[in-house]
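Here's the letter readout for the chains.
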There are 2 protein chains.
Amino acid sequence: MSGADLIVSRIGQLVNPASDRVARGGEAGRLRVERDACIAARDGRICYVGPESGLGSACRPAPGAREIDAGGAVALPGFVDAHTHLPFAGTRQDEFRLKLQGASYQEIAAAGGGIRSTVRRTREIGAGELLAACRLRLDRMLLSGTTTAEAKSGYGLDAETELKQLRALRGLAGSHPLEVVPTFMGAHEIPDEFRGRNRDYLEHLLREVLPQVRREGLAEFVDIFCEDGYFSYAEAEAYLAAAAAMGFRLKVHADEFTSNGAGELAARLGALSAEHLIAVSDDEIAALAASDTACVLLPGVSFFLRLGRYAPARKILDAGGIVALGSDFNPGSSMISSMLFVFHLAVFQLGLTIEQALNAATINAAYAVGRQERVGSLAVGKDLDLLLLDVPDYPYLAYHPGIDPLRLALKSGRVVVRDRRRAEE
Amino acid sequence: MSGADLIVSRIGQLVNPASDRVARGGEAGRLRVERDACIAARDGRICYVGPESGLGSACRPAPGAREIDAGGAVALPGFVDAHTHLPFAGTRQDEFRLKLQGASYQEIAAAGGGIRSTVRRTREIGAGELLAACRLRLDRMLLSGTTTAEAKSGYGLDAETELKQLRALRGLAGSHPLEVVPTFMGAHEIPDEFRGRNRDYLEHLLREVLPQVRREGLAEFVDIFCEDGYFSYAEAEAYLAAAAAMGFRLKVHADEFTSNGAGELAARLGALSAEHLIAVSDDEIAALAASDTACVLLPGVSFFLRLGRYAPARKILDAGGIVALGSDFNPGSSMISSMLFVFHLAVFQLGLTIEQALNAATINAAYAVGRQERVGSLAVGKDLDLLLLDVPDYPYLAYHPGIDPLRLALKSGRVVVRDRRRAEE
């Protein structure tokens, strides 16, 4: 058996989430911190974590093994972004000004803007151009410490474009180191062709689109926007049950602007996640906390839309729920691709403790995208997805917002970001 | 006469504030935008701004002139940070956790934390170590686009340490490209030696410290923290009048947590700026708007302390006032050194338009630190303090928070930041 081919030595503070599996409620308030540690990996997978003195016996370095000297830096697992709408075309800067002036998300949608304006452009863009746009966005995500991200289709709303989006995500798998977890979200809006016929549209997705998605293995999850003006509780229930019967795992856009029971629905159907939850009710919180459904909170939306209110994160934790974080990166309601920025919003706006926010951005987000066995913590057997940070300790990461602390990022043991940016004199 | 020694060519969008002098009220809502421009400079000072076709006649490039190809990037004047407490020792991460849990600034100060805990450490630190700490902080500021920053003493509260702080600022002038504008703020807190004897302490500053500051030419401005629990309106009035009589220009920490008339005082005494103003009254807004006193707003404090309220920026603009921005970088109430981050808070939390925020972070901040003749816009005769940004247009800078757009920064025509940081594959 061959030895380790990569050693990351002289880690000043190695910071891991509360556990190597999902942390709920109070447990999510702590971290595991080791001083003066090292990590060894073989073929991109961790084979040792601990003091350097223990390295030899557990996972002997092979001749010619590469060594990365962390120089006392803080090490964290790579961030997992549990919710993005990555494969879109164009921006929505025109609407952005209206939003800053106070127009609501629903008002803009009613005026022909919103999701449907991105749908028009995403239908027009060529597959190669879409892939190229996604690659640049993933580069920016890597630079903010994200090494795994969920990504939803849903800017096509027709078979051809939805498949184009999902195939772009598959194209990324072979051409970009950031790992993308694909979700089918054809039920993101009602396309003009089906306006007023929501059930027909969902039936169309179930009969014409999802079978093809399954044949090509293009998505792991099915998600739906269950919200006033989009899909109702009853429509979502029938659609999700049918998608589950086809073998897809479930996610739900729930209670983003108004509470309609979608959070409870997610819990009842055993969805892996309910996402947004800004308007979630106390009853729904109780249902979610009693389930294994992760609450994926997206503070970027509240910030970007200037809503003045955030999801009740601490209430969910106090009830024993699972809190994870995502950026909701999309051109309309959260043009935020940085999980570091989301981490700051979680601490300063959502009211999470530093430890809760780090759990939510690592192991719990990994759980929410079905990847906790492989990523979300630095543990033997998991992928070596590692951030080295130029800060004195992990709380400093929250304490000094607006700096770029990332010195090095590894994805599956491969260097994907190396900081060479410096002030010159 | 020699020609230009530096040409920045192929600027896709050159963005300047509303004017090359301070913009107040409605005027601060616009920018001047040129497409396909270039800038030429000689000895670090701008000698031409305009289309490339006009370059030859106005400011002919000298043989061997350096050319920087902007490659279609967006160009902005370097940010001016109108308010920092740069020369401090240590951090206050211990307090930071208490603040996140809801302890007030005043409660922490009453428990022996707050400004006085930084005073203890700043008294202890060696001059060389203080200078080194400041240099690292300025590096980080440069990386966020700040090319000029005001910096206050006020963590000494005794002659020796206040002078040590100001001498550190002077030391930076010879060893760091970011330009620092020094302010004496001995009246930042009441030191233990003078506890309960505010007037004696101010008298001490006026008799024992300020004369030495003036002899060495160590500060341009005098500032005072006029706030409940610190210095009263009457104390501030007498102190500021005496400092003005000694030849110092005035700044006032006014209405940060409670309204006590300090904003009106600043206007009445002709202070160049009133700073904070979270709690400013409508009467004071009227007085400030009728004066030439800039309102330096510091949204980082509201964000960092989770106050849930921000200075009434739009009210001040509607009244015709001058709005400028600063970071208030300090270890207690705003560990935020990035003016790009402050710009985002100004747009998303203070409610400024993108244009108002850019005026406030450039020309109006330059005015507030007495530098509008030299910096704050890209104009012939001013220093070439320039940012090249990797964004399609200037509104994108607001639209996509959390990315690092800075490709190149020039200070007085010298390259001080060059981006070589990339995702690797």
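Rules and cut-offs
Residues numbered from 1 in each chain as written. Chains lettered and ligands numbered in written order. Predicted model: local features only at pLDDT ≥ 70, side-chain atom pairs only at ≥ 80, totals over all residues. Heavy atoms only, no water. Helix = DSSP H or I, 4+ residues; strand = E, 2+ residues; numbered from the N terminus. Rg over C-alpha atoms; globule rule 2.2 N^0.38 Å. Contact = heavy atoms within 4.5 Å. Lys, Arg positive; Asp, Glu negative; His and termini not counted. Charge placed at Lys NZ, Arg CZ, Asp CG, Glu CD. Pairing = 2+ DSSP bridges. Axes fitted to C-alpha atoms, helices over the stretch in contact; angles between N-to-C directions. pLDDT = per-residue confidence, 0-100. Buried < 20%, exposed > 50% of the residue type's maximum accessible area, 1.4 Å probe, protein only. Least-squares fit on C-alpha atoms with pLDDT ≥ 70 in both. Arc of directions from axis to C-beta. Buried area = accessible area lost by both parts, 1.4 Å probe. Salt bridge = Lys/Arg side-chain N within 4 Å of Asp/Glu carboxyl O. Parallel < 35°, antiparallel > 145°, perpendicular 65-115°, else oblique. Nonpolar A, V, L, I, M, F, W, Y, C, P; charged D, E, K, R; others polar. Domains from an automatic or database assignment. Phe/Tyr/Trp six-rings, centres within 6.5 Å; stacked < 30°, edge-to-face > 60°.

Draft legend 1. Structural detail: the overall build of chain A. When you go through chain A residue by residue, the secondary structure sums to 16 helices and 17 strands. The C-alpha radius of gyration computed for chain A amounts to 21 Å, which stays within 12% of the reference 22 Å derived for 425 residues, consistent with globular compactness. Its C-alpha atoms give chain A principal-axis dimensions of about 65 × 50 × 45 Å. Taking the intrachain contacts of chain A between residues at least 6 apart in sequence as the baseline, contacts between residues at least 24 apart amount to 72%. Taken together, the 47 basic and 54 acidic charged side chains of chain A have centroids lying 3 Å from each other.

Draft legend 2. Up close: the sheet that holds strand 8 (residues 179–187) of chain A. Residue and element names in this part refer to chain A. Overall, parallel pairing links the eight strands, which are arranged 6-7-8-9-10-11-12-13 in an open sheet. Each edge of the sheet is formed by a strand with only one pairing partner; in this case those strands are strand 6 (79–81) and strand 13 (322–325). Averaged over all pairs of adjacent strands, the angle between their axes in this sheet comes to 25 degrees, without regard to strand direction.

Draft legend 3. Here's a closer look at the confidence of the model for chain A. When pLDDT is averaged along chain A, the result is 95; 98% of the residues meet or exceed 70. At the level of chain-chain contacts, confidence expressed as ipTM amounts to 0.96, with global pTM at 0.97.

Draft legend 4. The arrangement of helix 4 (residues 115–124) of chain B in detail. Taken together, the buried positions of helix 4 of chain B are Ile115(B), Ser117(B), Thr118(B), Val119(B) and Thr122(B). Structurally, helix 4 of chain B contributes buried residues whose contacts are with helix 2 (93–100), helix 3 (105–110), helix 6 (159–173) and strand 9 (221–226) of chain B.

Draft legend 5. Focus on the relation of the copies chain B and chain A. Note on the identical chains: chain B maps onto chain A by a rotation of 180 degrees and an axial translation of 0.0 Å, with an RMSD of 0.0 Å. In short, the pair behaves as if placed about a two-fold rotation axis. Most of the interface of chain B is mirrored in chain A, where 100% of its interface residues are also at the interface.

Draft legend 6. Inspection of the environment of Met339(A) at higher detail. Residues and elements named next belong to chain A. Here Met339 lies in helix 13 (residues 339–350). By relative accessible area, which is 0% here, Met339 ends up buried. Sequence spacing of Met339 and Ser144 is 195 residues, and the spatial spacing of their C-alpha atoms is 6.2 Å. Leave out the neighbours within four places in its chain, and Met339 touches Phe79, Val80, Asp81, Ser144, Thr146, Leu325, Gly326, Ser327 and Ala361.

Draft legend 7. View of helix 10 (residues 282–289) of chain A. All names here are of chain A. Restricting attention to buried positions, one finds in helix 10 the residues Glu284, Ile285, Leu288 and Ala289. Each buried residue of helix 10 sits inside an arc of 135 degrees when the element is viewed along its axis, so together they form one side. Buried residues belonging to helix 10 abut helix 9 (262–268), strand 11 (273–276), strand 12 (294–297) and helix 12 (313–318).

Draft legend 8. Expanded view of the interface of chain B and chain A. Contact residues are listed per partner, giving 58 residues for chain B and 58 residues for chain A. Across the interface of chain B and chain A, roughly 5300 Å² is buried in total on both sides, 52% from carbon and sulfur atoms. Linking chain B to chain A there are two salt bridges. Across the pair Glu355(A) and Arg97(B) runs a salt bridge, and its minimum N-O distance is 2.7 Å.

Draft legend 9. Expanded view of the packing of helix 4 (residues 115–124) of chain A against helix 6 (residues 159–173) of chain A. Residue and element names in this part refer to chain A. Remark: helix 4 packs on helix 6, axes separated minimally by 9 Å, with the N-to-C direction vectors making an angle of 75 degrees. Here helix 4 is positioned roughly perpendicular relative to helix 6, judged by the angle of their axes. Here Thr122, Arg123 and Glu124 of helix 4 lie close against helix 6, whose contacting residues are Thr161, Lys164 and Gln165. Taken together, the residues that form the contact of helix 4 with helix 6 break down as no nonpolar, three polar and three charged.

Draft legend 10. Representation of the domain arrangement of chain A. Residues and elements named next belong to chain A. Here the domain parsing of chain A yields domain 1 (4–77 + 377–422) and domain 2 (79–368). Taken residue by residue, the interface counts 34 residues in domain 1 and 29 residues in domain 2. Taken together, the two surfaces of domain 1 and domain 2 that pack against each other cover about 2500 Å², and 66% of this comes from carbon and sulfur. Ranking the residues of domain 1 by area buried against domain 2 places Val22, Arg24 and Lys411 at the top, with a combined share of 24%.

Draft legend 11. A look at the sheet that holds strand 6 (residues 79–81) of chain B. Residue and element names in this part refer to chain B. Within the open sheet, the eight strands sit side by side as 6-7-8-9-10-11-12-13. Their pairing is parallel. Two strands bound the open sheet, and with one partner strand each, they are strand 6 and strand 13 (322–325). The average undirected angle you get between the axes of adjacent strands in this sheet is 25 degrees. Relative to strand 7 (residues 146–152), strand 6 runs parallel, the two sharing three bridges. When the bridges of strand 7 are listed, Val80 appears paired with Thr148.

Draft legend 12. Structural context of the packing of aromatic side chains. Residues and elements named next belong to chain B. Inspection of the entire model under this criterion finds 27 aromatic pairs over all chains. Between Phe88 and Tyr155 the ring centres are 6.3 Å apart and the planes differ by 80 degrees, which places this aromatic pair in the edge-to-face class. Here Phe88, found in the loop between strand 6 and helix 2, pairs with Tyr155, found in the loop between strand 7 and helix 6; they are 67 residues apart in sequence, far enough to count as distant. Tyr155 carries the same exposure label as Phe88, and that label is buried. Seen from their ring centres, Phe194 and Tyr201 are 5.3 Å apart, and the 50 degrees between their planes marks the pair as tilted. In this structure Phe194 comes out as buried when scored by relative accessible area, which is 16%.

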